[in-house]
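Architecture at a glance
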Amino acid sequence: NIIMYYDVVVTVEPKRQALKEAEDTLAAANTKLAEVKALVKELDDKLAVLIRENEKATAEKEAVMAEAAKCQNKLDMAQRLVGALGANGVIWEQTVARVSDDLVFIPGDTLIACGFAAYVGVFTKEYREAIVDAFSGFLRKNNVPLGDSVDPLSIL
């Protein structure tokens, strides 16, 4: 019996030691695995935070770029408008200068145009022109200021 016990102890004891070493190695590996899993979870949480911040920053960047494009479009349209108004300003200045010069002639020219429309419009062209020339001569003789070319149709 003792011999059998000895044979069993000799055979089983190295296996028990190997099992203990394997269990110790497994425990150390499980501890290391838990540490690594905790580190991975922490890094995943940080990554999720960074991804949210990146998405927020990207959305903000796109909104700012859209606003910048909108502002650039408004600026371009405003510059076009200012350019067009600048050109119109020159035209208006010329028109005001011309009209202020012609302002003196408005009463006489209007008198001819009204007389033409009221009395002479139904006659032939030659007769109308003769009457307008005679009437403008009469007005000039009486010092009524008239424009250079008295044309009732253009005045009307």
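Described in the following lines is the structure provided in the data block.

The subject of this paragraph is the overall build of the protein chain. A count of helical and extended segments in the protein chain gives 4 helices and 0 strands. For 156 residues, the compact-globule estimate of 2.2 N^0.38 gives 15 Å, and the protein chain exceeds it by more than 25% at 53 Å. Its C-alpha atoms put the protein chain at 165 × 30 × 15 Å along the principal axes. Residue burial in the protein chain is summarised as follows: out of 156 residues, 9% are buried. Taking contacts inside the protein chain between residues at least 6 apart in sequence as the whole, the part at least 24 apart equals 62%. Entry remark: accessible area of the protein chain is about 13,000 Å², with carbon and sulfur atoms responsible for 64%.

Moving on to helix α1 (residues 2-102). Under the 1.5 Å per step criterion, the end-to-end length of α1 is 144 Å for 101 residues, consistent within 8% with the ideal 150 Å. Considering bend angle alone, the principal kink of α1 is centred on Val12 and spans about 25 degrees; proline Pro14 follows within four residues of it.

What follows deals with the environment of Thr11. Along the chain, Thr11 falls in helix α1. Along the chain, Thr11 and Lys125 lie 114 residues apart, while their C-alpha atoms are 143 Å from each other.

The next point concerns the packing of helix α2 (residues 106-120) against helix α3 (residues 125-141). Packed helices, taken two at a time, are described by the angle between their axes plus the distance between the axes. For the pair α2 and α3, the least separation of the axes is 11 Å and the interaxial angle reads 145 degrees. Of the two possible hands of crossing, α2 and α3 adopt the one that is right-handed. Along its contact with α2, which presents Gly108, Leu111, Ile112, Phe116 and Val120, the element α3 presents Arg128, Ile131, Val132, Phe135, Ser136 and Leu139. For the contact of α2 with α3, the per-class residue count stands at 8 nonpolar, 2 polar and 1 charged.

Reading the values: the criteria
Residues numbered from 1 in each chain as written. Predicted model: local features only at pLDDT ≥ 70, side-chain atom pairs only at ≥ 80, totals over all residues. Heavy atoms only, no water. Helix = DSSP H or I, 4+ residues; strand = E, 2+ residues; numbered from the N terminus. Rg over C-alpha atoms; globule rule 2.2 N^0.38 Å. Buried < 20%, exposed > 50% of the residue type's maximum accessible area, 1.4 Å probe, protein only. Contact = heavy atoms within 4.5 Å. Areas by Shrake-Rupley, 256 points an atom, 1.4 Å probe, with all protein chains shown as cover. Expected span 1.5 Å × (residues − 1). Bend = angle between axes of the 7 residues up to and from the residue. Axes fitted to C-alpha atoms, helices over the stretch in contact; angles between N-to-C directions. Left-handed = near helix turned anticlockwise from the far one by under 90°. Nonpolar A, V, L, I, M, F, W, Y, C, P; charged D, E, K, R; others polar.

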